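# Summary of the model geometry
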Amino acid sequence: MALKLGVHVSIAGGISNSVSNATSIGCTAFQIFSRNPRQWKAKVLGDDEVQRFKEDLRQSSINPDSTIVHMPYLPNLSAPHSEMYEKSVTTLTDEITRCNSLGIPYLVIHLGSHLGKGEKNGISQLVNACQSAFQVYKDKGLSKNSVKLLLENSAGQKNSIGSKIEEIQLILELLGTSEYGICLDTCHLFAAGYDLSDDEGINKMLDLVEKCVGIQHLKLIHLNDSKGELGSNLDRHYHIGMGKIGENGFKALINDKRLENMPFIMETPIDSIRGDKENLGHVKQLRN
Ligand SMILES: [Zn+2]
Ligand SMILES: [Zn+2]
């Protein structure tokens, strides 16, 4: 099976540019923001732009099922009731709409922060946020929803929701799996205390995913090494094999039979040590 591997690519100059940005460095999967991730307001996606994106994707070698949108950074879906919460739900609805029009099947969401109100309250806000965003989308009477929200694990920063696989299991049980799946970020897992530095650790983690959620609901892996130590709760991505997880862990992960058809997306730094192309090449070398 060919490796579905890519990076987070830029949409500068228009969303359709993402396709050539991805193919020009050899991606067989890619992730984008559908807008500037550091602003609340977003330009409406024009029909032209949407058609160009779909056409470019159709002519490329990338399968639409290996394309992903990541939610912008500002929303907090587990915030207590507030203007922030309302805006977050509106942004989520908007992103679901944009994914549906672009034909992108997966939208990755961060599970947010309960801001001191406690995990239980945070989870209940999050579940409400997701359900009302889908409801508002349905009420718009557009095409039938074909987007799955992928719940991404967190690094376990203070007040954050979803650093433990069991907690994500609980959230998924509340939401059901028809419109939801999970995305695991290796850097976040490691920072949250899951040792992924060798095949034993990788096996243990995947066994837990299998037991709690089922591998079939794991739809995406964010492949990032960790600059922070095991259990440090630091969300600091690093080049594959050069961080605290190291080469052996990644080798075991990308060659695991259970993940044969899994898209892997890197969100690694671009600096004088390596760029995206070098990290892509490096992972390909680790594949047996
Ligand atoms: Zn993320
Ligand atoms: Zn991260």
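The preceding data block contains the structure.
In what follows, the accompanying structure is described. (Residues numbered from 1 in each chain as written. Chains lettered and ligands numbered in written order. Predicted model: local features only at pLDDT ≥ 70, side-chain atom pairs only at ≥ 80, totals over all residues. Heavy atoms only, no water.)

### Remarks on the coordination of the zinc ion (ligand 2)
His188 (NE2), Asp235 (OD), Asp235 (OD) and His237 (NE2) make up the full set of protein donors to the zinc ion (ligand 2), lying at 2.0 to 2.7 Å. Given four donor atoms and angles of 52 to 137 degrees at the metal, the environment of the zinc ion (ligand 2) is assigned as irregular. Between consecutive donor residues of the zinc ion (ligand 2), the sequence gaps follow H-x46-D-x1-H. In this structure, the zinc ion (ligand 2) is positioned 5.5 Å from the zinc ion (ligand 1). Relative accessible area serves as the criterion here: at 21%, His237 is assigned to the partly exposed category. (Donors = N, O, S within 2.8 Å, 3.2 Å for Na, K, Ca; no water. Tetrahedral: all angles 85-135°; square planar, octahedral: opposite > 155°, others 65-115°. Buried < 20%, exposed > 50% of the residue type's maximum accessible area, 1.4 Å probe, protein only.)

### Some details on helix H5 (residues 165-175)
For H5, the set of buried residues is Ile165, Glu167, Ile168, Ile171, Leu172 and Leu175. All buried residues of H5 lie within an arc of 155 degrees about the axis, which places them on one face of the element. Tucked inside the fold, the buried residues of H5 contact helix H4 (119-139), strand E5 (148-152), strand E6 (180-185), helix H6 (186-191) and helix H7 (199-212). After H5 finishes, the residue Gly176 shows a positive phi value of roughly 80 degrees. (Helix = DSSP H or I, 4+ residues; strand = E, 2+ residues; numbered from the N terminus. Arc of directions from axis to C-beta. Contact = heavy atoms within 4.5 Å.)

### Observations regarding the pairing of E5
In regular strands, side chains alternate between the two faces of the sheet. Of all five residues making up E5, four are buried, and the element is well covered by its neighbours. Direction of pairing for strand E4 (residues 106-110) relative to E5: parallel, over a ladder of five bridges. The residue bridging Tyr106 from the neighbouring strand is Lys148, located in E5. Handedness of the β-α-β unit built from E4, H4 and E5 comes out right-handed. Bridge count for E5 against E6 is four bridges, and the pairing is parallel. Paired with Leu150 across the strands is Gly181, a residue of E6. (Pairing = 2+ DSSP bridges. Right-handed = clockwise from strand over helix to strand, strands pointing away.)

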